[in-house]
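# Fold and contact review
Listed below are the residues making up each chain.
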Amino acid sequence: MNYKLPFIPERDDKPRKKGLTMVMDKGLSVQEAKNLCESSGHLIDYLKLGFGTSLVSNNLKEKIKIYKDNNIQVYFGGTLFEAFVIRNMYDDFLKYLSNYNVDMIEVSDGSMHMEHDVKCEYIRKLSKDFTVISEVGSKEAGIIIAPNKWIKMMNNELEAGSVNVIAEARESGNVGIYRPNGNAHVVLINKILDNVPKESILWESPNKSQQVWFVKLLGANVNLGNIAPNEVISLETIRLGLRGDTFLHFLPEEMKEEE
Amino acid sequence: MNYKLPFIPERDDKPRKKGLTMVMDKGLSVQEAKNLCESSGHLIDYLKLGFGTSLVSNNLKEKIKIYKDNNIQVYFGGTLFEAFVIRNMYDDFLKYLSNYNVDMIEVSDGSMHMEHDVKCEYIRKLSKDFTVISEVGSKEAGIIIAPNKWIKMMNNELEAGSVNVIAEARESGNVGIYRPNGNAHVVLINKILDNVPKESILWESPNKSQQVWFVKLLGANVNLGNIAPNEVISLETIRLGLRGDTFLHFLPEEMKEEE
Amino acid sequence: MNYKLPFIPERDDKPRKKGLTMVMDKGLSVQEAKNLCESSGHLIDYLKLGFGTSLVSNNLKEKIKIYKDNNIQVYFGGTLFEAFVIRNMYDDFLKYLSNYNVDMIEVSDGSMHMEHDVKCEYIRKLSKDFTVISEVGSKEAGIIIAPNKWIKMMNNELEAGSVNVIAEARESGNVGIYRPNGNAHVVLINKILDNVPKESILWESPNKSQQVWFVKLLGANVNLGNIAPNEVISLETIRLGLRGDTFLHFLPEEMKEEE
């Protein structure tokens, strides 16, 4: 930080286990990836090459290298995993990863039906050789999964070997853990928090109001994902109480009252 | 593509007649234009320098050259054509194009009143020396044009020499072929499709839900426009079934059921 | 301008007293700041390093130098001033500015309570050594300040030494002078205009519809702020009648009717 103020929450240095920020890259150029790393590389833990974008991107190897050189873990969006699996091409997916020097995998079933024990079996196998992250929740608007099922799936997937389990929201932030208007499903989220190790959950939070809501609920070091590249710095200020929305949140009571 | 999956729709290589993607540049710098071409140049057919932005842009010649070097056809937004015409400066507009080495023109009447035979006469004259694209639909919210009039105007303009006719939506996607909430005017669009050669129509679709809607209706090779520079790769994945929204759309039935 | 059309409003060259454009930088990289200056530097008067973003930004000195080399006045968002003041670290704030060679300050009270005479005292002291800009209006949704209080605060702050007084709207454009849906508080704004020197007011207008509304109300040379970096060129076309929304606004009546 360019100046160390008191009453600013502690943040771990990378690589870290909590307070993770996952960014979604929907097709940045090599130069734009460099720009992102220059401004925000120190704040980014995971970089997701969203859905199938990597298949139609130029200079992909070079871009992945830039992220890895900045100590950012890179993976392909789970939709790409599903696109290979639904075509019975799981082995080809592994070759694709190997070719691009990617050692982290997102296992998801947001766009296709997959029996949950099959999904866990993928996680179990893959976690021997890869860093595995898995996602719970449908991408389909209107599909409601009961809280007990969310909890069971999340815990099973962590037990199978996922380092983090992602709560789905899409880029738009209006499915999964959010209502169509973008507000959080509070009861669902609280039940999940009561029953799943919270430091293992990564909450997709593309919209500012969602980021603020989670930081107020769970503190500066909540794991948040689907952050747009140009919002990483802004998110960090929300975590640190340096934006209006959380400005008073981390201050001692007497300081708030004094004013 | 970085990996060739089966059951992905065919796309023609540039220059092509169908599946066109038109991008709106609202004032990119030269370096940003380079970034766009590096990541997405292979996917962009037309580049519109939106409305009057070219008049206040720096290094315009250099930027236009970058796009043309990437085999992208460049033109000024129709509002600029209208800004010259309403001032009775049509000849100066042609000089402006010549000075900037632009050989494609959008003829529109979205911001001013123009008799339709006058518009067609412009198209007829200009199409002798330029690639002409023309636009139907008002930029004014609340102005409803009857389907029969849309059809007649589109066919007349194609007959007069337009290579494509654009269905208006603005950058916001809430006028012309869309309702104020951004949903498509389904009846209007279906009537147009029944009566105008559909490979000649370019549908302005700035919002993702609109892009998804048209790809599901008309397939991967629908012509879409007013795409934001940072959404070109994402649009291509929607066309190819590599994003959740169209993930199942292009798969054979047995593959969907198997899962 | 790349071509001089008639019936385009006059704009002063920088440095200027009216028609100011204030841009919010939420964490651009050095290269992105260069891109912005190349495309739009001639159109930007003030550059705000939004809220506390400067504290977590890399290469801050270099970025500030780029803006200043382009004759853009740089300042830290008022939330940073408040973050130091609420911690009783006003003197440290001045050292922070000096270290980064920043000579303009925004004084605000949008996130904390501050007696108005205390705020004016800050303005009075600081205006001896700095260019001071101050902001009126709460960042909190639902807080309504009576028009008479807006007027009194604005005039007091101008009298205390602010070169401009900012009407609050946040990045989202839904508080302060705007309703939660983003529409302008018309009565409030008209009362302010009747009682505060209007060339001294800078209206935060992050959304296009707000920019259009103010240009139609107050002309091309209204002072507007919280403009996104990639909207600067677009805003200039709105000011000049080169975008659909204001296309007819600056034209003589006979030209509109002729068509």
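The shown structure was predicted, so the numbers you read here are calculated from the model rather than taken from an experiment.

### Comments concerning the overall build of chain A
Along its length, chain A carries 10 helices and 8 strands. A compact globule built from 259 residues would reach a C-alpha radius of gyration of about 18 Å, and chain A, at 18 Å, matches this within 12%. Dimensions along the principal axes, computed over C-alpha positions, put chain A at roughly 65 × 45 × 30 Å. Of the contacts made within chain A by residues no fewer than 6 positions apart, 71% connect residues no fewer than 24 positions apart. Summed over its atoms, the accessible surface of chain A is roughly 10,000 Å², and 48% of this surface lies on carbon and sulfur atoms. Each charge class in chain A can be summarised by its mean position, and for the 31 positive and 36 negative side chains these summaries are 3 Å apart.

### What about the interface of chain B and chain A?
In this complex, chain B contributes 31 residues to the contact, which on the side of chain A involves 34 residues. The contact between chain B and chain A buries some 2,900 Å² in all, and 56% of this surface belongs to carbon and sulfur atoms. For the interface between chain B and chain A, the tally reads 3 salt bridges. The closest approach of N and O atoms between E231(B) and K26(A), which form a salt bridge, is 2.6 Å.

### Digging into the packing of aromatic side chains
Throughout the structure, instances matching the rule amount to 36 aromatic pairs over all chains. For the ring pair W213(B) and F214(B), a centre distance of 5.0 Å and an interplane angle of 90 degrees mean the geometry is edge-to-face. In this structure W213(B) comes out as partly exposed when scored by relative accessible area, which is 28%. A connected cluster of aromatic rings, assembled from ring pairs, spans Y3(A), F76(C), F81(C), F84(C), Y90(C), F93(C), Y96(C), Y100(C) and Y122(C). Geometry around Y100(A) places K61(A) over its ring, the cationic atom sitting 5.6 Å from the centre.

### What to know about the relation of the copies chain B and chain A
At an RMSD of 0.0 Å, chain B and chain A line up after a rotation of 120 degrees and a shift of 0.0 Å along the axis. On the angle and the small slide along the axis, the relation comes out as a three-fold axis. Interface residue correspondence from chain B to chain A reaches only 3%, placing this contact among heterologous pairings that use different surfaces.

### Re the pattern of salt bridges
Applying the stated criterion across every chain yields a total of 63 salt bridges over all chains. K68(C) is the salt-bridge partner of D103(C), the closest N and O atoms lying 3.6 Å from each other. Taken together, the residues D103(C) in the loop between α4 (90–99) and β4 (104–107) and K68(C) in helix α2 (residues 60–69) connect sequence positions 35 residues apart. On the basis of relative accessible area, K68(C) is assigned to the partly exposed category, the value being 26%. Look at the salt bridges and you will find they share partners, linking K26(A), R170(A), E171(A), K208(B), E231(B), R243(B) and D245(B) into a network.

### A word on the interface of chain C and chain A
Opposite the 34 residues of chain C that make contact, chain A presents 31 residues. Where chain C abuts chain A, roughly 2,900 Å² becomes buried across the two surfaces, and 56% of that area is made up of carbon and sulfur atoms. Between R170(C) and D245(A) there is a salt bridge, with the nearest N and O atoms lying 2.9 Å from each other. Scanning the region where chain C abuts chain A turns up 16 residue pairs in polar contact (both at pLDDT 80 or more).

### Some details on the pairing of strand β3 (residues 73–76) of chain C
Regular strands have side chains that alternate between both faces of the sheet. All names here are of chain C. Where strand β2 (residues 46–49) meets β3, 4 bridges bridge the pair, whose relative direction is parallel. Counterpart to L47 in the pairing with β3 is V74. Once you follow β2 into α2 and on to β3, the crossover reads as right-handed.

### Examining unusual backbone geometry
The residue after K14(A), namely P15(A), is reached through a cis peptide bond having omega -5 degrees. With respect to the helices and strands, the residue P15(A) is situated in the segment before β1 (21–25). With phi around 55 degrees, N88(B) is a residue other than glycine that occupies positive phi space. As for its placement among the helices and strands, N88(B) is situated in the loop between α3 (78–85) and α4 (90–99). The phi dihedral of R170(C) is positive, around 65 degrees, even though this residue is not glycine.

### Comments concerning the confidence of the model for chain A
Residues with a pLDDT of 70 or more make up 99% of chain A, whose mean pLDDT is 96. Interface confidence in the predicted complex, given as ipTM, is 0.96; pTM for the same model is 0.97.

### Some details on the nonpolar core
If you look at the biggest cluster of nonpolar residues, it comprises 240 residues, and the most contacted ones within it are W203(A), W203(B) and W203(C). Excluding residues that lie within four positions of it along the chain, W203(A) makes contacts with A167(A), I177(A), I189(A), I192(A), L193(A), F214(A), L218(A), V222(A), N223(A), L224(A) and G225(A).

### Some points on the environment of H249(A)
Residue and element names in this part refer to chain A. Mapped onto the elements of the fold, H249 is located in the loop between α9 (232–240) and α10 (253–258). Since its relative accessible area comes to 34%, H249 is described here as partly exposed. For the pair H249 and L20, spaced 229 residues apart in sequence, the C-alpha to C-alpha distance is 20 Å. Dropping the residues within four chain positions of it, H249 is found in contact with V215, K216 and K256.

### With respect to the relation of the copies chain C and chain A
Rotating chain C by 120 degrees and moving it 0.0 Å along the rotation axis overlays it on chain A with an RMSD of 0.0 Å. In this assembly, only 3% of the residues forming the interface of chain C have copies in chain A that are likewise at the interface, indicating a heterologous arrangement.

### What to know about the pairing of strand β1 (residues 21–25) of chain B
All names here are of chain B. Counting buried positions over the 5 residues of β1 gives 5, a clear majority of the element. What you see with β1 is no split at all: T21, V23 and D25 on one side and M22 and M24 on the other are buried throughout. The pairing of β1 with strand β8 (residues 224–227) spans 2 bridges and is classified as parallel. Paired with V23 across the strands is I227, a residue of β8. Handedness of the β-α-β unit built from β1, helix α1 (residues 30–40) and strand β2 (residues 46–49) comes out right-handed.

### What about the sheet that holds strand β7 (residues 201–204) of chain C?
All names here are of chain C. The 8 strands lie next to each other as β3-β2-β1-β8-β7-β6-β5-β4, forming an open sheet whose pairing is parallel. Each edge of the sheet is formed by a strand with only one pairing partner; in this case those strands are β3 and β4. If you compare each strand with its neighbour and ignore which way they point, the axes differ by 25 degrees on average. Its contacts with the sheet place α2 against β1 (21–25), β2 and β3, and it is angled at close to 145 degrees to β3.

### Focus on the packing of helix α6 (residues 147–160) of chain A against helix α7 (residues 186–195) of chain A
All names here are of chain A. Here α6 crosses α7 at 40 degrees, and the two axes come no closer than 9 Å. Accordingly, the angle class assigned to the pair α6 and α7 is oblique. Between α6 and α7 lies a crossing whose hand is right-handed. Contacts between α6 and α7 involve P147, W150, I151, M154 and N155 from the first element and L188, K191, I192 and N195 from the second. When its residues are assigned to classes, the contact of α6 with α7 shows 6 nonpolar, 2 polar and 1 charged.

How each quantity is defined
Residues numbered from 1 in each chain as written. Chains lettered and ligands numbered in written order. Predicted model: local features only at pLDDT ≥ 70, side-chain atom pairs only at ≥ 80, totals over all residues. Heavy atoms only, no water. Helix = DSSP H or I, 4+ residues; strand = E, 2+ residues; numbered from the N terminus. Rg over C-alpha atoms; globule rule 2.2 N^0.38 Å. Contact = heavy atoms within 4.5 Å. Areas by Shrake-Rupley, 256 points an atom, 1.4 Å probe, with all protein chains shown as cover. Lys, Arg positive; Asp, Glu negative; His and termini not counted. Charge placed at Lys NZ, Arg CZ, Asp CG, Glu CD. Buried area = accessible area lost by both parts, 1.4 Å probe. Salt bridge = Lys/Arg side-chain N within 4 Å of Asp/Glu carboxyl O. Phe/Tyr/Trp six-rings, centres within 6.5 Å; stacked < 30°, edge-to-face > 60°. Buried < 20%, exposed > 50% of the residue type's maximum accessible area, 1.4 Å probe, protein only. Lys NZ or Arg CZ within 6 Å of the ring centre and 35° of its normal. Least-squares fit on C-alpha atoms with pLDDT ≥ 70 in both. Polar contact = N/O pair within 3.5 Å; in protein donor to acceptor, adjacent residues only side chain to side chain. Pairing = 2+ DSSP bridges. Right-handed = clockwise from strand over helix to strand, strands pointing away. pLDDT = per-residue confidence, 0-100. Core = buried A, V, L, I, M, F, W, Y, C linked by side-chain atoms within 4.5 Å. Axes fitted to C-alpha atoms, helices over the stretch in contact; angles between N-to-C directions. Parallel < 35°, antiparallel > 145°, perpendicular 65-115°, else oblique. Left-handed = near helix turned anticlockwise from the far one by under 90°. Nonpolar A, V, L, I, M, F, W, Y, C, P; charged D, E, K, R; others polar.

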